[in-house]
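Coordinates in review
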Amino acid sequence: MTTHGIHGNLLEVTVVSCNKLKDTEWISRQDPYVCVEYGSNRSRTRTCTDGGKNPTFQEKFVYTLIEGLRELNVNVWNSNTVKHDDFIGSGKVQLAKALSQGFDDSTWPLQSKTGRHSGEVRLIIHYTNANKPANSHASGAPQYGQPQPSLYSAPPPHQPSVSYPPHASGGYPYPPAGGGGGGGGYPAPSPYPSYPPNAAYPPSPYPPQAAAPYAAQPYPPNSAYPPQPYGSFYPPGPPYPGQHPPRY
């Protein structure tokens, strides 16, 4: 990530604590403090009285960045009231991560004058003008996860009202208004289902109910005697004088 143009910008450095420092005291607990250097700027934390090997500071310093200078020098000392302060260790802090990402919370090793490990120092570094990945996107490019505009146009919304063109030739290009003085072009729908008129069905094959129930019977009326077959030589009743068989 590029870090061009840092000159004149502000860098915040918070000295949090030290861990496992070399003990320079033989009888009592040591009183450490931390010095931070950036170019010609030097800062010093308060003395952590009886801090021993694991002192805590939580002090923040602000530096004006210099182009081409991307590291801090850190020195840890033990404060003495009778003699000179005792040097505990020093280290270099690289600013590349803080300048590119805007934040760095790391622990850095310390070395004694002889190059031996003498403890660690924890720093939290803030840089508000870092080039964040989100700023590298083009202004017109949509961000990931945002809804994309549709490539197809949506259909026009439904229009509840319908307007008919005026009658140009005096005719009716659409059905006339229904009866009853309504303003619609079609009659109002009936609430009941529509059926074809009665004339659409064929006439009933049965006689009307008002006709005589026996007028159309195909059978002859009941007779006291059944009719005699043709050519019969027997009279329907006993032979009486002067009676002849019926003619057919």
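Scroll up to find the structure.
None of the values given here were measured: they were computed from a predicted structure.

1. Digging into the overall build of the protein
Helix and strand content of the protein: 1 helix and 8 strands. Element order for the protein, N to C, with α for helix and β for strand: β-β-β-β-β-β-α-β-β. Counting every position in the protein, which comprises 248 residues, the buried fraction comes to 26%. Of the contacts made within the protein by residues no fewer than 6 positions apart, 56% connect residues no fewer than 24 positions apart.

2. Overview of the packing of aromatic side chains
For any two aromatic rings, the description comes down to two numbers: the centre-to-centre distance and the angle of the planes. Following the criterion strictly, the structure yields 2 aromatic pairs and no others. Judged by centre distance (6.2 Å) and plane angle (50 degrees), the ring pair of Tyr-38 and Tyr-63 falls under tilted. Remark: Tyr-63 occurs in strand E4 (residues 56-64) and Tyr-38 occurs in strand E2 (residues 32-38); sequence separation between them is 25 residues. Grouping residues by exposure puts Tyr-38 and Tyr-63 together as buried. Here the aromatic rings of Trp-77 and Phe-87 are separated by 5.2 Å at their centres, their planes lie at 75 degrees, and the arrangement is edge-to-face. Residue Trp-77 is located in strand E5 (residues 71-78), and its partner Phe-87 is located in strand E6 (residues 86-94); the two are separated by 10 residues in the primary sequence. Here the guanidinium or amino end of Arg-44 rests over the ring plane of Tyr-33, the centre of that ring lying 3.6 Å away.

3. Topic: the nonpolar core
The biggest cluster of nonpolar side chains holds 29 residues, and the ones touching the most others in it are Leu-11, Val-34, Leu-123 and Ile-125. Elements with a contribution of two residues or more to this core: strand E1 (10-19), E2, E4, E5, E6, helix H1 (96-101), strand E7 (103-111) and strand E8 (117-126). Of the residues forming this core, the biggest block, 4 residues, is contributed by E1.

4. Some remarks on unusual backbone geometry
Leaving glycine aside, a negative phi is the common case for residues, and trans is the common case for peptide bonds. Positive phi is not limited to glycine here, since Lys-20 has a value of about 55 degrees. For Lys-20, the position within the fold is in the loop between E1 and E2. Look at Gln-58: it is not a glycine, yet its phi comes out positive at around 55 degrees. Take Gln-58: it is sitting in strand E4.

Scoring rules and cut-offs
- Residues numbered from 1 in each chain as written.
- Predicted model: local features only at pLDDT ≥ 70, side-chain atom pairs only at ≥ 80, totals over all residues.
- Heavy atoms only, no water.
- Helix = DSSP H or I, 4+ residues; strand = E, 2+ residues; numbered from the N terminus.
- Buried < 20%, exposed > 50% of the residue type's maximum accessible area, 1.4 Å probe, protein only.
- Contact = heavy atoms within 4.5 Å.
- Phe/Tyr/Trp six-rings, centres within 6.5 Å; stacked < 30°, edge-to-face > 60°.
- Lys NZ or Arg CZ within 6 Å of the ring centre and 35° of its normal.
- Core = buried A, V, L, I, M, F, W, Y, C linked by side-chain atoms within 4.5 Å.

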